[in-house]
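# Chains, contacts and geometry: an overview
Here is what each chain is made of, one letter per residue.
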Amino acid sequence: MTDVMLLWDDPLLFEKLFTENGLKCQRVLSTSVGTPFLPPCKCVVIPTGFANPAYTKICPGIENNARSFERFVRSGGILVVFGALMPEYGHDWLPMKLTYIEKHGEVGLVQVSSHEVSCIADVQESVECDGYYSETDGNVIIENSEGNAVLVIKEIGDGLVIATTIHEFPSSAFLKYISEKAKRSKI
């Protein structure tokens, strides 16, 4: 059974991270979302750069499947969304308010709310971020040293949306958390 579905159109190094952590990962095209052909999974991951046509062509498939993503999360799935890599991007397809602003750089992290997802990166160290969230109705868990949101969550139904601009591979502890917390759901 698939643990993680990675929405992308070409092989990524990201896939190796999941398998090295004991998670079964399947890369799928965004146009497959909402079709009866995809098996249930625990987590859907949308990698950094999903909205930028210089990197991938998956954005239209994502934006056309808002209801499928909401159903997936409400049923207990975890949706992890990384930075859009566009100067500004409104995540209108998410079941939450979220606006991304691109700004690359190494920043310090400040944990502003307690939640298990904060294990995505070591808040004691500086990390690369590709931007921040200027608007959200989710819970801000981590901010950069400038006070901008870089890790936001929103519980919806039995599941969770996790949005982050942290531009590094998530930790093994984070991958373990999503594997244990999520319920298999149909996307």
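The structure contained in this document is the topic of the report that follows. The shown structure was predicted, so the numbers you read here are calculated from the model rather than taken from an experiment.

This paragraph deals with the overall build of the protein chain. For the protein chain, the helix and strand inventory stands at four helices and eleven strands. Whereas a compact globule of 187 residues would reach a radius of gyration of roughly 16 Å, the protein chain reaches 15 Å, a difference of no more than 12%. Principal axes of the C-alpha set define a box for the protein chain whose edges measure 45 × 30 × 30 Å. When burial is assessed residue by residue, the protein chain has 52% of its 187 residues classed as buried. Pairs at least 24 residues apart make up 67% of the contacts formed inside the protein chain by residues separated by at least 6 positions. Averaging the locations of the 16 positively and 24 negatively charged side chains of the protein chain gives two centres separated by 11 Å.

This part is about the pattern of salt bridges. Following the criterion strictly, the structure yields nine salt bridges and no others. Here Asp-3 makes a salt bridge to Arg-184, at a shortest N to O gap of 3.2 Å. Highlighted residues: Asp-3 in the segment before strand 1 (4-7) and Arg-184 in the segment after helix 4 (172-181), separated in sequence by 181 residues. When its relative accessible area of 32% is taken as the criterion, Arg-184 is described as partly exposed. Its salt-bridge partner being Lys-97, residue Glu-135 comes within 3.3 Å of it at the nearest N-O pair. With Glu-135 in strand 8 (residues 127-136) and Lys-97 in the loop between strand 5 (88-90) and strand 6 (98-107), this residue pair connects regions lying 38 residues apart in the sequence. For Glu-135, a relative accessible area of 36% translates into the label partly exposed.

All right, on to the nonpolar core then. Leu-7, Val-44, Ile-46, Phe-50, Phe-69, Leu-79 and Trp-93 are the most contacted members of the largest nonpolar core, which totals 34 residues. Of all the secondary structure elements, the ones that give two or more residues to this core are strand 1, strand 3 (43-46), helix 2 (59-63), helix 3 (66-74), strand 4 (78-81), strand 6, strand 10 (149-156) and strand 11 (159-164). Ignoring sequence-local partners within four residues, the contact set of Trp-93 consists of Ile-46, Phe-50, Ile-62, Glu-63, Ala-66, Phe-69, Leu-79 and Val-81. Listed in part, the 33 residues of the second largest apolar core include Cys-43, Val-45, Val-80 and Ile-141.

Examined against the element boundaries, Met-86 turns out to sit in the loop between strand 4 and strand 5. Owing to a relative accessible area of 24%, Met-86 belongs among the partly exposed residues under this scheme. A C-alpha to C-alpha distance of 6.7 Å links Met-86 and Ala-51, two positions 35 residues apart in sequence. With residues near it in sequence (within four places) discarded, Met-86 still touches Ala-51, Asn-52, Pro-53, Tyr-100 and Glu-102.

Cut-offs applied
- Numbers given for residues are sequential positions, taken from 1 along each chain in its written order.
- Owing to the predicted nature of the model, reporting of local features is limited to residues with pLDDT of at least 70; listing and counting of side-chain atom pairs is limited to 80 or more, with chain, interface and lining totals taken over all residues.
- Heavy atoms throughout the structure, all of them, feed into the side-chain values; hydrogens and water do not.
- To qualify as a helix, a DSSP run of H or I must reach at least 4 residues; to qualify as a strand, a run of E must reach at least 2; elements of each kind are numbered from the N terminus.
- For a compact globule the rule gives 2.2 Å times the number of residues to the power 0.38, and the radius of gyration it is set against comes from C-alpha atoms.
- To sort residues, take the accessible area from a 1.4 Å probe on protein chains only and compare it with the maximum for the residue type: under 20% means buried, over 50% means exposed, and anything in between is partly exposed.
- When checking whether two residues touch, look at their non-hydrogen atoms; a contact exists if any pair is within 4.5 Å.
- Under the convention used here, Asp and Glu are negative, Lys and Arg are positive, and both His and the chain ends fall outside the count.
- Charge placement uses NZ in Lys and CZ in Arg. For Asp and Glu, CG and CD serve respectively.
- Whenever a carboxyl oxygen of Asp or Glu lies within 4 Å of a side-chain nitrogen of Lys or Arg, that contact is scored as a salt bridge.
- Buried Ala, Val, Leu, Ile, Met, Phe, Trp, Tyr and Cys residues form a nonpolar core when they are joined through side-chain atoms within 4.5 Å.

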